[in-house]
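One-letter residues, chain by chain:
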Amino acid sequence: MNTLLARLKQHTWDCHRRLEQRLPLFAPDFSREDYRRLLQCFLGIHRPLEALLARQPQLPAYLPDFAARLKTPLLEADLAALGLSAPDIAAIPSCPHLPAVTELPAAFGCLYVVEGATLGGQVISRYLSKQWQLDVDHGARFFSGYGADTHAKWQTFGHALTAAVRGEPAETQALHSARALFLDLEHWMEQYGLLQQVTP
C-alpha cells in the first residue's frame, strides 16, 4: 500500500470509524427525508471546501482531472431529483468551519477524505437502489461516485498524493488536514441532527 495513504488511514481511523457508527444510514427508521437532509448536509460542506481547493493553483498539475472529481454538481443534481428547487439548493447553508487549505499538502489531506468516501459510496449506492429505487439519474449520483471507474480513480489519486506530498512538514500538514476535515464533518452532521450517540 502507498505509505502515505497508509499513514492517512491510520491517523484518521478513529474519526472515520466513529462517524460510520454514528450515522444510522442503514437503520430501518432512516427515512427518505433523512437521506435528503444528509445530502443537504454534504452539500453544505463540499461546496465551500471545493471552492477553497479550487484556489490552490498547483492542484491541477498533480491531479489534472480535479474538475471532474467535484462533488457539488452531483449533490445539486441529487437534491433536484429529490424535489428541491434551484433557489432552495442555492440557499443551503455552508459549513463555517473547514481546514485551512492554503498549502498543497493540506489540500491533498482534505482530498484523501473526499476521494476515500467514493469507495464506501459504492456500497451505499447499491443500498439506495434497493431501498428507494434511487440511481444516478434519480437521487443517487453522489454516492455512485465514479461507478466502474471508482477504484482506478482512487489509484490515480494515490499516485498524485505521493507526487504532491513529499517529506516533512508536508506529510504532517496532510495528516492534520485530513483528520480536521473528519472532525469538522462530524460536527456539521451533528448540527443537522443526523448522528446518534455512541455508547463507549
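Structure shown above.
An account of the accompanying structure is given in this report.

What follows concerns the pattern of salt bridges. Under the counting rule described, the total for this entry stands at 15 salt bridges. Aspartate 14 serves as the salt-bridge partner of arginine 179, at 2.8 Å between the closest nitrogen and oxygen. With a gap of 165 residues between them, arginine 179 in helix α9 (residues 170-191) and aspartate 14 in helix α1 (residues 3-22) connect regions that are remote in the sequence. Judged by its relative accessible area of 36%, aspartate 14 is partly exposed. Several salt bridges share partner residues, and in doing so they unite Asp65, Arg69, Lys71, Glu115 and Lys153 into one network.

Glancing now at the side chain of arginine 22. Within the secondary structure, arginine 22 sits in helix α1. Reaching out from arginine 22, the side chain makes a polar contact with the side chain of glutamate 190 at a distance of 2.7 Å. Residue contacts for arginine 22: discarding those within four places in its chain leaves Glu186, Glu190, Leu194, Leu195, Gln196, Gln197 and Val198.

Here the focus is the environment of tyrosine 192. Tracing the backbone through its elements, the reader meets tyrosine 192 in the segment after α9. Between the alpha carbons of tyrosine 192 and leucine 38 there is a distance of 8.0 Å; along the sequence they are 154 residues apart.

Enumeration according to the criterion identifies 10 aromatic pairs in this entry. Centroid distance phenylalanine 42 to phenylalanine 142: 5.4 Å. Interplanar angle 40 degrees. Geometry classified as tilted. Taken together, the positions of phenylalanine 42 in helix α2 (residues 32-54) and phenylalanine 142 in helix α7 (residues 141-144) put the pair 100 residues apart, joining distant regions of the chain. On the basis of relative accessible area, phenylalanine 42 is assigned to the buried category, the value being 10%. For phenylalanine 142, a relative accessible area of 11% puts it in the buried group. Ring centres 5.9 Å apart and planes at 25 degrees place the aromatic pair phenylalanine 108 and phenylalanine 157 in the stacked group. Separated by 49 residues along the polypeptide, phenylalanine 108 in helix α6 (residues 104-132) and phenylalanine 157 in helix α8 (residues 150-164) bring together distant segments of the chain. Classification of phenylalanine 108 as buried rests on a relative accessible area of 0%. By relative accessible area, phenylalanine 157 is classed as buried at 0%. Among the aromatic residues, ring-to-ring pairing joins Tyr35, Phe42, Trp132, Phe142 and Phe143 into one connected group. When the ring centre of tyrosine 146 is taken as origin, the NZ or CZ atom of lysine 153, which lies over that ring, is 5.3 Å away.

Before going further, it helps to spend a moment on the side chain of histidine 46. One can find histidine 46 in helix α2. If sequence neighbours within four positions are ignored, histidine 46 has contacts with Lys71, Thr72, Leu75, Val114 and Phe142.

Cut-offs applied
- Residues numbered from 1 in each chain as written.
- Predicted model: local features only at pLDDT ≥ 70, side-chain atom pairs only at ≥ 80, totals over all residues.
- Heavy atoms only, no water.
- Salt bridge = Lys/Arg side-chain N within 4 Å of Asp/Glu carboxyl O.
- Helix = DSSP H or I, 4+ residues; strand = E, 2+ residues; numbered from the N terminus.
- Buried < 20%, exposed > 50% of the residue type's maximum accessible area, 1.4 Å probe, protein only.
- Polar contact = N/O pair within 3.5 Å; in protein donor to acceptor, adjacent residues only side chain to side chain.
- Contact = heavy atoms within 4.5 Å.
- Phe/Tyr/Trp six-rings, centres within 6.5 Å; stacked < 30°, edge-to-face > 60°.
- Lys NZ or Arg CZ within 6 Å of the ring centre and 35° of its normal.

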